[in-house]
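Residues per chain, in single letters:
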Amino acid sequence: MKYLVDDLKILLSEGYFYEGRNIVVNLQAIVADAPARAFIKSVKCHGGYFACEKCTVQGVYYEKRVVYLTDSTEVCRTDSSFRNQIDDQHHLGESPFLPLPLDLIKVFPYEYMHLICIGVTKKLIFLWLKGKVSKFRTPSRDTNTISDRLHQIYSFVPKEFNRKPRPINEFNRWKASELRQFLLYSGPVALKGVLSESYYNHFMSLHLSCRILASETFAHSQNRYASSLLQYFVTNFAILYGKKFVSYNVHGLLHISDDVLHLGRLDNFSAFRFENHLGRLKRMVKNKNNPLTQVCYRLIERQSLNFQPIPKQGDKVELSSPHWSGPLIDGSCNPQFKVAHFKKFQLGCDERDGTVLLKW
Ligand SMILES: [Zn+2]
């Protein structure tokens, strides 16, 4: 981290000089999954007893794992308590980020792609499909119902989703974006009437809180409501599924609404965009020899070719897929177009891209 920290020291104190202008640089958040965060903060990793990066909850050993059962004695960690290592059981050493003028608690948010989508959502599906307790494990007949409903939804999923729903028994192969789609969109429909009421309502508390925290409009105004829903979800997780499943990720939900208050909606600090970029870098590796060198060469080639990415579309609407098959409305003329591309979405003539909700 030395080169990064040295660069950041200069950038954060002096800004960045570019073409005679001084550009102020702020560091909003360092986005990383739990093991990476623990490593660069030099703190206990997510299986440890004092691993929560936001509060001093002590994990307890329960049925061969460490679980985090919240009680009222826990205290929120602060930048000052972190720097002074007040809770010495949390720290393993000195973080290389200490010299930087940052709030070292707020700048490392809990990250929604790993914590909620791959963490808690996948765990719920695992418990429904593979759990050992019949109280919440769904019989195969009901699993088929969920998959059938996801299949029905398939033809209504618009282009803005990069993946279409797959059967739920393939959940182990679902990507993070598929788990997100299930949590935020398809899950409430697919599970209705399949899970018993208490388990369905419990899932809905997670769904609704995440919809709020992912929303530009409601992330701040309904933040405390989302926080209370998450509190309900975590408390009842132990009651419905058992204490042994209240893992680091489940406990972490208690803190994520505060990260949203500080940094804005969930996607502002999620790993999705970084994972997408890593995907692009990965595609530059053509064989297994010296992968880093291959990526460097491809990037240098792009620079030397003065590679310009396709400019992003402005507010203009672009039309594609011309046709002459009508029907024409009065005063219009051919050609007509099947697809209209807007800045953030597209409309098309087929069912999945041709339905809009209007304000009324
Ligand atoms: Zn905590």
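Residues numbered from 1 in each chain as written. Predicted model: local features only at pLDDT ≥ 70, side-chain atom pairs only at ≥ 80, totals over all residues. Heavy atoms only, no water.

1. Brief notes about the domain arrangement of the protein chain
For interface size, the figure often reported is the accessible area lost on association.
Phase 1 of the analysis: Assigned domains of the protein chain: these are domain 1 (2-83), domain 2 (112-269), domain 3 (278-304) and domain 4 (316-360).
Phase 2 of the analysis: If you average the C-alpha positions of domain 1 and of domain 2, the two centres end up 25 Å apart.
Phase 3 of the analysis: Summed over both partners, the interface of domain 1 with domain 2 comes to about 1,600 Å²; 64% of that surface belongs to carbon and sulfur atoms.
Phase 4 of the analysis: One can count two salt bridges joining domain 1 with domain 2.
Phase 5 of the analysis: Of the charged contacts in the structure, one is a salt bridge between Glu63 and Lys244, with a shortest N-O distance of 3.6 Å.
Phase 6 of the analysis: Where domain 1 meets domain 2, there are four residue pairs in polar contact (both at pLDDT 80 or more).
Phase 7 of the analysis: Broken down by secondary-structure element, the contributors of at least two residues to the side of domain 1 that touches domain 2 are helix H2 (34-41) and strand E4 (65-67).
Phase 8 of the analysis: Residue classes in the side of domain 1 that touches domain 2 are distributed as 11 nonpolar, three polar and seven charged. (Domains from an automatic or database assignment. Buried area = accessible area lost by both parts, 1.4 Å probe. Salt bridge = Lys/Arg side-chain N within 4 Å of Asp/Glu carboxyl O. Polar contact = N/O pair within 3.5 Å; in protein donor to acceptor, adjacent residues only side chain to side chain. Helix = DSSP H or I, 4+ residues; strand = E, 2+ residues; numbered from the N terminus. Nonpolar A, V, L, I, M, F, W, Y, C, P; charged D, E, K, R; others polar.)

2. Side note on the coordination of the zinc ion
Phase 1 of the analysis: The protein atoms donating to the zinc ion are Cys52 (SG), Cys55 (SG), His251 (NE2) and His255 (NE2), with metal-donor distances spanning 2.1 to 2.2 Å.
Phase 2 of the analysis: Coordination at the zinc ion is tetrahedral, judged from the four donor atoms that bind it and the angles of 104 to 117° they form at the metal.
Phase 3 of the analysis: We note that the donor set of the zinc ion lies within a single chain, spaced as C-x2-C-x195-H-x3-H. Taken together, the positions of Cys52 in the loop between H2 and strand E3 (60-62) and His255 in helix H10 (residues 248-263) put the pair 203 residues apart, joining distant regions of the chain. (Donors = N, O, S within 2.8 Å, 3.2 Å for Na, K, Ca; no water. Tetrahedral: all angles 85-135°; square planar, octahedral: opposite > 155°, others 65-115°.)

3. Topic: the sheet that holds strand E7 (residues 346-348)
Phase 1 of the analysis: The strand order across the open sheet formed by three strands is E5-E6-E7, and the pairing between neighbours is antiparallel. The open sheet has two free edges, formed respectively by strand E5 (318-323) and E7, since each of these has just one partner strand. Strand-to-strand twist in this sheet, taken as the mean axis angle between neighbours without regard to direction, amounts to 25°.
Phase 2 of the analysis: Where E5 lies against strand E6 (residues 336-341), five bridges are found, and the strand directions are antiparallel. When the bridges of E6 are listed, Pro322 appears paired with Phe337. (Pairing = 2+ DSSP bridges. Axes fitted to C-alpha atoms, helices over the stretch in contact; angles between N-to-C directions.)

4. Some thoughts on the environment of Val295
Phase 1 of the analysis: Locating Val295 in the fold gives a position in helix H12 (residues 291-304).
Phase 2 of the analysis: In this structure, the C-alpha to C-alpha distance between Val295 and Arg280, residues 15 residues apart in sequence, is 10.0 Å.
Phase 3 of the analysis: Once residues within four sequence positions are removed from consideration, Val295 is found in contact with Leu281, Met284 and Val285. (Contact = heavy atoms within 4.5 Å.)

5. Some points on the pattern of salt bridges
Phase 1 of the analysis: In the structure shown here, the tally under the stated rule is 18 salt bridges.
Phase 2 of the analysis: Here Lys159 makes a salt bridge to Asp353, at a shortest N to O gap of 3.7 Å. With a gap of 194 residues between them, Lys159 in the loop between helix H5 (140-154) and helix H6 (176-191) and Asp353 in the segment after E7 connect regions that are remote in the sequence.
Phase 3 of the analysis: Residue Asp353 is classed as buried on the basis of its relative accessible area, which comes to 3%. (Buried < 20%, exposed > 50% of the residue type's maximum accessible area, 1.4 Å probe, protein only.)

6. Details of the packing of helix H4 (residues 112-130) against helix H7 (residues 197-213)
Any two packed helices are characterised by the angle at which their axes cross and by the distance between the axes.
Phase 1 of the analysis: At a closest axis distance of 12 Å, the pairing of H4 and H7 adopts a crossing angle of 160°. Classified by the angle between their axes, H4 and H7 sit roughly antiparallel to one another. Our pair here, H4 against H7, has a crossing hand that is left-handed. Contacts between H4 and H7 involve Ile116, Val120, Thr121, Leu124 and Trp128 on the former and, on the latter, Phe203, Leu206 and Cys210.
Phase 2 of the analysis: Here the contact of H4 with H7 is built from residues that sort into seven nonpolar, one polar and no charged. (Parallel < 35°, antiparallel > 145°, perpendicular 65-115°, else oblique. Left-handed = near helix turned anticlockwise from the far one by under 90°.)

7. Some details on a positive patch on the surface
Phase 1 of the analysis: On the surface, Arg280, Arg283, Lys286 and Arg302 cluster together into a positively charged patch.
Phase 2 of the analysis: Turning to its location among the elements, Arg283 is positioned in the loop between helix H11 (272-282) and H12. (Patch = residues over 30% accessible without salt bridge, like charges linked within 9 Å, V, L, I, M, F, W, Y side chains within 5 Å. Areas by Shrake-Rupley, 256 points an atom, 1.4 Å probe, with all protein chains shown as cover. Lys, Arg positive; Asp, Glu negative; His and termini not counted. Charge placed at Lys NZ, Arg CZ, Asp CG, Glu CD.)

8. Digging into the side chain of Asp353
Phase 1 of the analysis: A polar side-chain atom of Asp353 sits 2.9 Å from the main-chain amide nitrogen of Lys159.
Phase 2 of the analysis: Those residues in contact with Asp353 that lie beyond four places of it in its chain are Pro158, Lys159, Glu160, Gln346, Leu347 and Gly348.

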